[in-house]
Amino acid sequence: MNFGLIADGNRRWAKSHNLPIKEGHFNGFLAIRNEIIPVLQADPDFKSLTIYGFSTENWKRNPLEVKNLMDLFCEIFDGWINDLKAKKIKFIHAGRKERLPKKLLEKIQNAEKISEKFTDFTIYLCLDYGGQDEILRAIKKAKNTNTLKPKQFETFLEVPPLDIVLRSGGENRISNFCIWQCAYAEFFFLKKQLPDIKKEDIHSCLEKFRNRDRRKGH
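Computed from a prediction, not measured in an experiment: that's the story for all the values here.

A. Representation of the pairing of strand β1 (residues 2-6) in the model. Counting buried positions along β1 gives 5 out of 5 residues, so the element sits mostly inside the fold. In β1, alternate side chains face the same way, and those of Asn2, Gly4 and Ile6 on one face and Phe3 and Leu5 on the other are all buried. Relative to strand β2 (residues 48-55), β1 runs parallel, the two being bridged by 5 bridges. Bridge pairing links glycine 4 to threonine 50 in β2. Bridging between β1 and strand β5 (residues 164-167) involves 4 bridges; their strand directions are parallel. Bridge pairing links glycine 4 to valine 165 in β5.

If you want it as structure tokens, here you go:
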């Protein structure tokens, strides 16, 4: 099964703690690395985590904030690559590549290459990603395919179908995240900001998920 995370609340967390916005994003990453990933990787039913890190719409933010965030992603990859190797986690980038800074793109491609042989657990990091944009790009890839069916179309998408979508930060919307993949996902919305999420929050989410009746139209 596949878990989707709409990583929200980093900026509000930083403001509430009188910290720079960059610190909020970094602490959000720490929560993902130290609290969320270990729970999912230890659960035999889950094979991937898809993280909504930066949307196609986020380019509209203050240019300095965007630059600081891109610089932070670069810093994160410097240390995270060893963690991916040690835990044998496969890494895949989802989203557009041409608008990302060259330095960041090089680090992304390096992480993908180094981790490509791992098969037990995968992280999809959505950077410059939008669900609508992904579908439009997939349509272009599939344009010469005859009698296209849903399962076939999914092969042209970058992210697999999701079983759970969790959004932190208190908002109750998906914000253009994995529109196709969310078709039969179970949704959970937490009021906690991302940096405040703990392992017990993820365990609680998984327990509630397993108690839901997922009929998928049947």
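B. Molecular detail of the layout of surface pockets. Within this model, the largest pocket holds a volume of roughly 700 Å³. Contributing elements (two or more residues each) for the lining of the largest pocket: α1 (10-16), α2 (21-42), β2 and α3 (63-86). Within the lining of the largest pocket, the residues separate by chemical class into 14 nonpolar, 8 polar and 8 charged. A volume near 270 Å³ is recorded for the second largest pocket. Lining the second largest pocket are 13 residues, and of these Lys151, Glu154, Pro161, Tyr184 and Lys216 lie nearest its centre. Across the lining of the second largest pocket, the residue classes break down as 7 nonpolar, 1 polar and 5 charged.

C. Representation of the environment of lysine 191 within the structure. Its place among the elements puts lysine 191 in the loop between β6 (186-189) and α7 (199-210). Through-space distance from the C-alpha of lysine 191 to that of glutamate 171 is 7.5 Å; in sequence the pair is 20 residues apart. Dropping the residues within four chain positions of it, lysine 191 is found in contact with Gly169 and Gly170.

D. Molecular detail of the nonpolar core. Within the largest apolar cluster, 42 residues are counted, with the highest numbers of intra-cluster contacts made by Leu49 and Trp80. At 11 residues, the largest contribution of residues to this core is made by α3. Excluding anything up to four places from it in sequence, leucine 49 contacts Phe3, Leu5, Ile32, Ile36, Ile37, Leu40, Phe121, Thr122, Ile123 and Tyr124. Residues Tyr129, Leu162, Phe177 and Cys182 belong to the second largest nonpolar core, which totals 12 residues.

About the thresholds
Residues numbered from 1 in each chain as written. Predicted model: local features only at pLDDT ≥ 70, side-chain atom pairs only at ≥ 80, totals over all residues. Heavy atoms only, no water. Buried < 20%, exposed > 50% of the residue type's maximum accessible area, 1.4 Å probe, protein only. Helix = DSSP H or I, 4+ residues; strand = E, 2+ residues; numbered from the N terminus. Pairing = 2+ DSSP bridges. 1 Å grid on protein atoms, 1.4 Å probe; cavity = no way out; pocket = protein on both sides within 12 Å on 5 of 7 lines; lining within 4 Å. Points joined across faces, edges and corners; volume = space filled by probe spheres on them. Nonpolar A, V, L, I, M, F, W, Y, C, P; charged D, E, K, R; others polar. Contact = heavy atoms within 4.5 Å. Core = buried A, V, L, I, M, F, W, Y, C linked by side-chain atoms within 4.5 Å.

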